[in-house]
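A closer look at the structure
This is what each chain is made of:
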Amino acid sequence: MTDSWATSGADLHLELRGPGLRSGLMEALREAVRSGRLAPGTRLPSSRSLAADLGVARNTVADAYAELVAEGWLTARQGSGTRVARRTAPRPGPAAGPRAPAGRRPPVRRPPAHTLCPGTPDLGSFPRDAWLTASRRALTAAPHEALGYAGPHGRPELRAALADYLARARGVHAHPDRVVICAGFVHGLRLMARVLRDRRVREVAVESYGLDVHWDLLGGAGLRTPALPFDDHGTRTGDLDRQGALLITAAHQFPLGGALPPDRRAAAVDWARRTGGLVLEDDYDGEFRYDRRPVGALQGLDPERVVYLGTASKSLTPGLRLGWMVLPEDLVGEVLAAKGTSDWVTGTLDQLTLAEFLRSGAYDRHVRSMRLRYRRRRDQLVAALAERSSHIRVSGIAAGLHAVLELPPGTERTVVQAAAWQGLALHGLDRYRHPGVPPGRDALVVGYATPTDSAWPGALDALCRALP
Ligand SMILES: Cc1ncc(COP(=O)(O)O)c(C=O)c1O
């Protein structure tokens with residue numbers, strides 16, 4: 001047995017096994033690929049240098065490489081050398097543990113080739129060039145002081161730019177002093193949970209359908225989250241009672257997709273005024289409305305009783321982890337205290353870049369262009385469904401990054417499974433149901449913004465094939 005390192009190309013440790021040098025080398029390479037030590041795409045040393053390292057004839061290595069290429073373990077291309085193939089023979093599972101008897105192994109589910117799960121914008125459309133331009137400008141203009149530890153409020157440049165933008169585009173009453181920067185909506189909600197607990201609030205009313213991460217986060221902070229009843233017009237805010245706060249997606253209910261009617265918006269604010277409660281407004285996709293002008297934020301009705309929470313996760317990308325809160329005056333100090341003495345989570349450079357992005361008009365341009373793109377996709381989805389199936393209806397307003405497809409009763413789970421077997425990841429409505437709410441209608445929550453432009457036609461096609 002020879003034990004050796006190759007020192008040019010990939011740094012390669014091989015243990016040659018077995019009687020023959022060539023077959024020993026081949027088995028050692030197969031083992032390295034199988035175990036993952038050699039990742040797909042890794043460039044191997046040239047046959048000359050590996051031969052020199054192993055002390056074997058160059059032809060031995062060249063022959064071993066050639067056979068492994070023929071078997072599909074390696075690829076060889078003029079100019080790019082010999083590499084580990086992108087798709088090699090399947091890796092064995094863990095050595096220990098029971099295996100299904102031959103012939104009775106469960107079929108292997110294909111990893112999804114497409115996803116229409118909601119929650120993510122088209123990441124391929126992130127405006128990289130415009131963002132880089134803004135970033136360069138922001139960094140060039142930033143004073144040295146901006147590069148140090150930052151206070152919890154957020155950069156003043158960003159707070160001022162957001163106050164302007166939110167007043168203009170979302171009808172929010174915003175003064176820069178009332179804006180606090182956070183790491184996305186979830187961070188803002190976490191801060192509010194702490195403040196509410198400190199104020200001895202016990203319950204935050206939530207909607208019948210929503211995101212379990214938000215309910216869990218509130219629950220983890222010691223707050224109960226009873227669900228408000230829901231009917232064809234949306235969340236019944238008139239049923240609010242002694243809860244200390246309400247979390248609501250008023251402009252575009254997530255996931256059902258309705259806009260809260262004016263009388264229910266007013267009822268939420270009246271309740272907050274009457275009881276001293278707070279409304280936490282999750283305005284996650286307010287910029288994206290396709291049928292008419294966006295519904296303004298609920299916060300405009302009473303800035304002292306509504307906490308407005310916005311995010312860059314839909315309009316730009318969730319990877320930025322940037323969000324903003326616009327607070328009633330008497331909450332600013334408490335939220336800043338909950339955030340800590342410094343801003344430990346939100347980077348200053350991204351804040352400065354976003355401020356420049358907003359100020360220069362690049363944000364408006366990006367949102368306008370994405371609005372057109374998403375609107376086109378929604379139209380294509382509706383048209384494809386109309387052609388494909390007369391019993392599938394799209395409900396909710398023409399807005400946002402997702403649509404709800406109403407299914408025939410009893411079919412939701414089968415459709416989601418059928419789609420999965422075809423390589424399409426889909427979410428049924430039921431996964432967004434609050435645990436205290438009885439099972440309701442069958443539907444899909446289709447994130448039509450999620451695929452890139454090139455993946456969208458294939459995803460739409462796969463969806464149509466999975467439908468009953
Ligand atoms: C209803 C709702 N609110 C808020 C968010 C945004 O969360 P974050 O800003 O933490 O990324 C999402 C993202 O999926 C969402 O669906």
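Analysis parameters
- Residues numbered from 1 in each chain as written.
- Predicted model: local features only at pLDDT ≥ 70, side-chain atom pairs only at ≥ 80, totals over all residues.
- Helix = DSSP H or I, 4+ residues; strand = E, 2+ residues; numbered from the N terminus.
- Buried ≥ 20, exposed ≤ 12 C-beta atoms within 10 Å, placed from the backbone.
- Contact = placed C-beta atoms within 7 Å.
- Near = placed C-beta within 6 Å.
- Nonpolar A, V, L, I, M, F, W, Y, C, P; charged D, E, K, R; others polar.
- Pairing = 2+ DSSP bridges.
- Axes fitted to C-alpha atoms, helices over the stretch in contact; angles between N-to-C directions.

1. Here's the deal with the overall build of the protein
When its secondary structure is counted, the protein shows 13 helices and 18 strands. Expressed as lengths along the three principal axes of its C-alpha atoms, the size of the protein is roughly 85 × 60 × 40 Å. Counting the 468 residues in the protein, one finds 43% classified as buried. Of all intrachain contacts in the protein linking residues separated by at least 6 positions in sequence, the fraction that spans at least 24 positions is 72%.

2. Overview of the site of the ligand
In the region of the ligand, 13 residues are neighbours, and G184, F185, F254, T311 and S313 sit closest. Among the elements that line the shell around the ligand, the one with the most residues is helix α6 (residues 184–198), at three residues. Considering only residue class, the shell around the ligand consists of six nonpolar, six polar and one charged.

3. Here's the deal with the sheet that holds strand β17 (residues 427–428)
The strand order β14-β15-β18-β17 describes an open sheet built from four strands, whose pairing is antiparallel. The open sheet is flanked by β14 (393–395) and β17, the only strands paired with a single partner. Bridge analysis of β17 against strand β18 (residues 443–446) gives two bridges, and the strand direction is antiparallel. Bridged to G428 within β18 is L444.

4. Topic: the environment of T411
With respect to the element layout, T411 can be found in the loop between β15 (403–406) and α12 (412–421). Residue classification places T411 among the partly exposed positions, given that 18 C-beta atoms sit within 10 Å. Separated by 240 residues in sequence, T411 and G171 have C-alpha atoms that sit 41 Å apart. In this view, T411 contacts D442 and P468; residues no more than four positions away in its chain are not counted.

5. Quick word on the sheet that holds strand β12 (residues 306–311)
Pairing is mixed in the open sheet, where six strands are placed in the order β6-β13-β12-β11-β10-β7. Pairing within the sheet leaves two strands with one partner each, and these edge strands are β6 (179–182) and β7 (204–205). Strand contacts of α6: β6, β7, β10 (245–248), β11 (278–282), β12 and β13 (323–326), with the helix running at about 155° to β12, the strand carrying the most contacts.

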